[in-house]
Amino acid sequence: MRDARLQSIHVHPVKALRSLSLQEVVMEPWGPAGDRRWMLVDDGGKVVTQREQPRLALAAAELLPGGGVRLSAPGAAPLTVAVPRPGATMTVQLFRDKVEVLPAEDEAAHAWCSALLGSCARLVHLDDPATRRPVDPRYALPGETVSFADGYPLLLTTTASLDALNSLIARGDHADEGPLPMNRFRPNLVVAGTEAWEEDDWSRVAVGEVVMRVAKPSGRCVVTTTDQSTAGRGTEPLRSLARHRRIAGKLLFGQNLVPLGGGTVRVGDPVRIIE
């Protein structure tokens, strides 16, 4: 590995909305502070993501002191939503997990989200990430928990692997769809200065002062085909991943990580491979 460095940091204050780029972030046991502590659910309590609603890519959430968010979207007035006070929780379905959450107290938040989607939606908050949702026990160590992220506290990608993937796309049947930007993969940490696909072989890595373990590679879904600036969909990168990165039935790009300690990571931090 060359001189690997942390190139960028991204959090998603509301799951499935546009990412927010930061210069530094505090790493908590369940992921970067402020990442995916809010999400939208439908009237049946099931999570709503870009898989079903690609237009969520057009909405954004700004983190506010204390954990609240300021929502914005084209054609909608911005709305500030405070963290709900402790109270009665509701049970929602997040993929295979049932999770206890607190609904936003302001009915205007639910109305805003419903207008965005064109269907009934509620905005909910993860009040206690230390206890509410364990990491998949097949890949977890005892006591590990996660926020509203798809399954793991962190997603790491590398610029070298994206360059390699874009080269594959350029040689394929849908070359006009490339090159793709990194935001298609919605990572938390983007690392520069590695070899392409080198991260496949990592099992423990230090980013600045924070040590993390690699839980498993990230299997990619239709969200990666969604242009994060227009909400339009294509066929890439899934077409090229299916041809060149299909492993055990999954289309792989990036690695899911779990922090093994706390600390702050900053853009420019060195990245060391421990094992």
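On a predicted model such as this, the values are computed, not experimentally measured, just so you know. (Residues numbered from 1 in each chain as written. Predicted model: local features only at pLDDT ≥ 70, side-chain atom pairs only at ≥ 80, totals over all residues. Heavy atoms only, no water.)

Things to note about the side chain of Ser 147
Alright, step 1. The residue Ser 147 is located in the loop between strand S12 (121–125) and strand S13 (154–158) in this model.
Alright, step 2. A distance of 3.4 Å separates a polar atom in the side chain of Ser 147 from the backbone oxygen of Asp 35.
Alright, step 3. Ignoring sequence-local partners within four residues, the contact set of Ser 147 consists of Trp 30, Asp 35, Arg 36, Leu 126 and Arg 133. (Helix = DSSP H or I, 4+ residues; strand = E, 2+ residues; numbered from the N terminus. Polar contact = N/O pair within 3.5 Å; in protein donor to acceptor, adjacent residues only side chain to side chain. Contact = heavy atoms within 4.5 Å.)

Considering the environment of Leu 94
Alright, step 1. Within the secondary structure, Leu 94 is located in strand S10 (residues 90–94).
Alright, step 2. By relative accessible area, Leu 94 is classed as buried at 0%.
Alright, step 3. Leu 94 sits 39 residues away from Arg 133 along the chain, and the two C-alpha atoms are 9.8 Å apart.
Alright, step 4. Dropping the residues within four chain positions of it, Leu 94 is found in contact with Lys 15, Met 39, Val 47, Val 99, Arg 133 and Phe 148. (Buried < 20%, exposed > 50% of the residue type's maximum accessible area, 1.4 Å probe, protein only.)

Description of the sheet that holds strand S7 (residues 60–63)
Alright, step 1. Here we have three strands laid out as an open sheet, ordered S7-S8-S9, and antiparallel in their pairing. Two strands bound the open sheet, and with one partner strand each, they are S7 and strand S9 (76–81). Pairwise comparison of adjacent strand axes, ignoring direction, gives a mean angle of 20° for this sheet.
Alright, step 2. Relative to S9, strand S8 (residues 69–73) is paired through four bridges, and the arrangement is antiparallel. Its bridge partner being in S9, Val 69 is matched across the sheet by Val 81.
Alright, step 3. Each of S8 and S9 is contacted by helix H1 (residues 107–117), which is oriented at about 140° to S9, the strand it contacts most. (Pairing = 2+ DSSP bridges. Axes fitted to C-alpha atoms, helices over the stretch in contact; angles between N-to-C directions.)

Examining the packing of aromatic side chains
Alright, step 1. Under the defined criterion, the tally for this structure stands at three aromatic pairs.
Alright, step 2. Relative to Tyr 152, the ring of Tyr 139 lies with its centre 6.4 Å away and its plane at 70°, an arrangement referred to as edge-to-face. Here the residue Tyr 139 occupies a position in the loop between S12 and S13, and Tyr 152 occupies one in the loop between S12 and S13, the gap between them amounting to 13 residues.
Alright, step 3. On the basis of relative accessibility, which here comes to 11%, the residue Tyr 152 falls in the buried class.
Alright, step 4. Aromatic rings pair up to connect Phe 185, Trp 197 and Phe 253 into one cluster.
Alright, step 5. The ring centre of Trp 197 lies 4.0 Å from the NZ or CZ of Arg 245, which sits over that ring. (Phe/Tyr/Trp six-rings, centres within 6.5 Å; stacked < 30°, edge-to-face > 60°. Lys NZ or Arg CZ within 6 Å of the ring centre and 35° of its normal.)

What about H1?
Alright, step 1. The complete set of buried residues in H1 reads Ala 109, His 110, Trp 112, Cys 113, Ser 114, Leu 116 and Leu 117.
Alright, step 2. The residue sitting at the N-terminus of H1 and contributing the capping side-chain oxygen is Asp 106; that oxygen lies 2.9 Å from the backbone nitrogen of Ala 108.
Alright, step 3. Positive backbone phi, at 75°, marks Gly 118, one or two positions downstream of H1.

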